[in-house]
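Listed here are the chains, written in short residue letters.
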Amino acid sequence: TCGNKDLEFHNIPEDTRLTEEVLTRMFDLTDTMGPYRPSTMIDLVENKPMEVQYIFSNPLERARRLGCHCPRMSTVVPMIQALQRIRGL
């Protein structure tokens, strides 16, 4: 994962990196959270500006520098930016 590449870049020991087991557990926990809306979704629904630069663009750029390809995120970022321009945010 890109997260592991970042940990590797910072010389974090391998035994603390994200494994499939950890990722599965994270998703399993998310499934039991009940109704949940991330802050970006709240901003979108309430027609407020989203922190695109910090939450999406900066991590995407970091991933690119580490050689990670994130095609979905690369598509989502310009879509969010365009939506915000259309809404005048």
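To start, this report covers the structure provided alongside it. Remember, it's a predicted structure, so these values are computed and weren't measured experimentally. (Residues numbered from 1 in each chain as written. Predicted model: local features only at pLDDT ≥ 70, side-chain atom pairs only at ≥ 80, totals over all residues. Heavy atoms only, no water.)

Bringing a nonpolar patch on the surface into the picture now. A surface patch of nonpolar side chains, amounting to about 230 Å² of accessible area, comprises Leu18, Val22 and Met26. In this structure, leucine 18 sits in the loop between α1 (2-9) and α2 (20-31). Judged by its relative accessible area of 33%, leucine 18 falls in the partly exposed class. (Patch = residues over 30% accessible without salt bridge, like charges linked within 9 Å, V, L, I, M, F, W, Y side chains within 5 Å. Areas by Shrake-Rupley, 256 points an atom, 1.4 Å probe, with all protein chains shown as cover. Salt bridge = Lys/Arg side-chain N within 4 Å of Asp/Glu carboxyl O. Helix = DSSP H or I, 4+ residues; strand = E, 2+ residues; numbered from the N terminus. Buried < 20%, exposed > 50% of the residue type's maximum accessible area, 1.4 Å probe, protein only.)

Another point: the pattern of salt bridges. Where side chains of opposite charge bring their charged atoms close, a pairing between them can arise. Summed over the entire model, instances satisfying the criterion amount to four salt bridges. A salt bridge links aspartate 6 to arginine 62; the nearest nitrogen and oxygen atoms lie 2.6 Å apart. Taken together, the residues span a long stretch of sequence, with aspartate 6 in helix α1 and arginine 62 in helix α4 (residues 52-65) at a distance of 56 residues. Between arginine 64 and glutamate 61 there is a salt bridge, and its shortest N-O distance comes to 3.7 Å. Of this pair, arginine 64 and glutamate 61 are both found in helix α4, three residues apart, which corresponds to roughly one turn of the helix. Of the residues examined, glutamate 61 reaches a relative accessible area of 35% and is grouped as partly exposed.

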